[in-house]
Amino acid sequence: MTETAATLNAKFKPRVFSGIQPSGGLTLGNYLGALKRFAQKQDEGIETIYCLVDLHAITVWQDPQALRRQTREAAAAFIASGVDPARSILFNQSQVSAHAELAWALNCVARLGWMNRMTQFKDKAGKNAEKVSLGLYAYPALMAADILLYHATMVPVGEDQKQHVELTRDIAAKFNHDFKVDFFPTPEPLIEGTATRVMSLRDGTKKMSKSDPSDASRINLTDDADTIAKKIRKATTDPAELPGEIEGLKDRPEARNLVNIYAALADMTPAQVLGEYGGKGFGTFKPALADLAVEKLSPISTEMARLMADPAEIDQILGQGADKADAIARPILAQTYDIMGMVRSR
Ligand code: ATP
Ligand code: MG
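Worth saying up front: this structure is predicted, and the values here are computed from it rather than measured.

K.L.:
Summarise helix α14 (residues 311-340); cite the residues concerned and give the values.
P.N.:
Think of an α-helix as 3.6 residues a turn; residues three or four steps apart then line up on the same face. Helix length check: α14, at 30 residues, gives a terminal C-alpha distance of 41 Å against a target of 44 Å (1.5 Å per residue), a fit within 8%. Aspartate 326 marks where α14 bends most, by close to 30°. All of the buried residues in α14 are Ile314, Ile317, Leu318, Gly321, Ala322, Ala325, Ile328, Ala329, Ile332, Leu333, Thr336 and Tyr337. Glycine 341, located one to two residues past α14, shows a positive phi value of around 100°.

Okay, here's the thing in structure tokens:
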């Protein structure tokens with residue numbers, strides 16, 4: 001952080017904001033890169049605001065029935081992972097209309113050249129960039145709005161979202177500069193731990209994603225013990241044994257991925273994992289990893305199933321969360337409009 005950004009941010013109280021798209025069932029990558037750390041931030045006593053970003057999810061077509069179920073299931077995953085609605089604000093984005101409103105204002109601050117550098121758009125649009133939605137292109141400005149609407153100072157995310165949080169900082173700084181104010185903080189991405197980029201089980205060079213067409217590429221939080229064990233057993237690996245030292249994983253992305261997953265699940269460092277499994281083959285390591293994954297994930301899937309049996313309770317939690325979020329967001333949106341010169345006469 002630059003000196004001026006640090007001075008500016010010191011004026012804001014520490015506040016965490018992050019979100020997950022209900023664009024499918026949540027994965028082990030979402031758990032290790034996001035959910036687990038969301039609960040840790042809450043437990044550190046910082047004010048935490050977590051959002052199911054359904055407005056982001058619809059940047060690619062979602063079946064309406066599935067979107068509703070996925071939103072409730074994602075809320076259940078947050079709670080089952082330790083996000084406590086009494087201590088964190090938990091809500092779905094579309095229930096707080098200020099997100100879409102601030103996004104419009106920030107669309108007018110963000111520059112086309114900045115958006116053109118976003119790698120997520122390039123990855124998701126692929127060769128079909130002419131056919132994807134305008135929303136997919138504008139996604140990062142909506143994400144900036146999500147964060148800045150709460151004057152959040154910290155954004156725990158996986159590695160893949162770093163560029164979007166940096167864009168948020170650029171948008172905040174440009175707004176402050178253009179209107180000669182110190183209104184928005186420049187939030188910090190928090191990318192911590194050993195599982196900031198969990199890779200696909202089929203391809204060690206590709207990120208594990210809930211929207212990957214291959215179910216075998218990921219572990220879903222709702223997978224049962226047998227499915228988890230089978231997916232890990234079938235995960236692509238090389239034939240060599242695990243090395244004794246981290247350097248030995250350098251050109252072995254699949255092996256490195258499984259070691260990192262083990263480390264994150266066990267709260268160990270990758271070096272400690274190699275201390276235990278160095279010299280052993282995947283015939284030993286994969287079953288150990290499967291046992292560990294089942295041990296850590298099965299309480300979460302059991303709790304998710306329990307919560308999903310009462311969707312009305314989940315909806316009530318999301319509604320109450322939205323009320324609390326709205327109470328913070330409204331005045332910040334009103335001030336933004338005021339700074340920009342909109343007449344506010346009611
Ligand atoms: P989609 O494929 O629909 O984009 P996704 O799995 O990438 O889904 P997001 O909702 O885009 O999930 O991201 C939610 C959070 O999970 C973000 O903080 C993101 O950085 C994190 N995350 C996503 N995938 C991974 C991964 N493979 N490893 C670590 N963190 C991840
Ligand atoms: Mg994603």
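K.L.:
Can you lay out the packing of aromatic side chains for me, pointing to particular residues and giving the numbers?
P.N.:
Going through the model one piece at a time under the given rule, you end up with 13 aromatic pairs. Seen from their ring centres, phenylalanine 175 and phenylalanine 183 are 6.3 Å apart, and the 45° between their planes marks the pair as tilted. By the burial criterion, phenylalanine 175 is buried, and phenylalanine 183 matches it. Ring centres of tyrosine 262 and phenylalanine 285 lie 5.4 Å apart, and the angle between their planes is 35°; this geometry places the pair in the tilted category. Separated by 23 residues along the polypeptide, tyrosine 262 in helix α11 (residues 253-266) and phenylalanine 285 in helix α13 (residues 282-308) bring together distant segments of the chain. Judged by its relative accessible area of 8%, tyrosine 262 is buried. Through a chain of ring-to-ring contacts, three or more aromatic side chains come together here, namely Phe175, Phe179, Phe183 and Phe184.

K.L.:
Residues and numbers for the site of ligand 1, please.
P.N.:
Around ligand 1 sit 22 residues in total, of which Lys124, Asp160, Lys207, Lys210 and Ser211 are the nearest. Between ligand 1 and the protein, one listed contact pairs an oxygen atom with a side-chain N or O atom of aspartate 160 at 2.7 Å. Burial of ligand 1 by the protein chains amounts to 98% of its free accessible area of 600 Å². Of all the secondary structure elements, the ones that give two or more residues to the shell around ligand 1 are β1 (15-20) and α2 (28-43). Broken down by element, the shell around ligand 1 gets its largest block of residues, four residues, from α2. Across the shell around ligand 1, the residue classes tally to six nonpolar, eleven polar and five charged.

K.L.:
If you had to explain a positive patch on the surface to someone new, which residues and values would you point to?
P.N.:
Where like charges cluster on the molecular surface, the positive patch consists of Arg202, Lys230, Arg233 and Lys234. With respect to the element layout, arginine 202 can be found in the loop between β5 (188-190) and α10 (225-234). Judged by its relative accessible area of 44%, arginine 202 falls in the partly exposed class.

K.L.:
How would you summarise the nonpolar core if you had to cite specific residues and measurements?
P.N.:
Leu32, Leu35, Phe78 and Phe285 are the most contacted members of the largest nonpolar core, which totals 60 residues. The element contributing the most residues to this core is α13, with twelve residues. Dropping the residues within four chain positions of it, phenylalanine 285 is found in contact with Leu242, Leu258, Val259, Tyr262, Val273 and Tyr277. One finds Leu106, Ala125, Leu142 and Met143 within the second-largest nonpolar core, a separate group that totals 48 residues.

K.L.:
Explain the pattern of salt bridges residue by residue, including any values.
P.N.:
A complete count under the given rule lists 22 salt bridges for this structure. Among the salt bridges present, the one from glutamate 44 reaches lysine 41, with a minimum N-O distance of 3.2 Å. The buried category is assigned to lysine 41, whose relative accessible area is 8%. Notably, a salt bridge pairs glutamate 188 with arginine 169, separated by 3.1 Å at the nearest N-O pair. With glutamate 188 in strand β5 and arginine 169 in helix α9 (residues 162-178), this residue pair connects regions lying 19 residues apart in the sequence. According to the relative accessible area criterion, arginine 169 is buried, its value standing at 18%. Here the salt bridges share partners, and the residues they tie into one network are Arg37, Lys41, Glu44 and Glu192.

Parameters and conventions
Residues numbered from 1 in each chain as written. Chains lettered and ligands numbered in written order. Predicted model: local features only at pLDDT ≥ 70, side-chain atom pairs only at ≥ 80, totals over all residues. Heavy atoms only, no water. Helix = DSSP H or I, 4+ residues; strand = E, 2+ residues; numbered from the N terminus. Expected span 1.5 Å × (residues − 1). Bend = angle between axes of the 7 residues up to and from the residue. Buried < 20%, exposed > 50% of the residue type's maximum accessible area, 1.4 Å probe, protein only. Phe/Tyr/Trp six-rings, centres within 6.5 Å; stacked < 30°, edge-to-face > 60°. Near = heavy atom within 4 Å. Polar contact = N/O pair within 3.5 Å; in protein donor to acceptor, adjacent residues only side chain to side chain. Areas by Shrake-Rupley, 256 points an atom, 1.4 Å probe, with all protein chains shown as cover. Nonpolar A, V, L, I, M, F, W, Y, C, P; charged D, E, K, R; others polar. Patch = residues over 30% accessible without salt bridge, like charges linked within 9 Å, V, L, I, M, F, W, Y side chains within 5 Å. Salt bridge = Lys/Arg side-chain N within 4 Å of Asp/Glu carboxyl O. Lys, Arg positive; Asp, Glu negative; His and termini not counted. Charge placed at Lys NZ, Arg CZ, Asp CG, Glu CD. Core = buried A, V, L, I, M, F, W, Y, C linked by side-chain atoms within 4.5 Å. Contact = heavy atoms within 4.5 Å.

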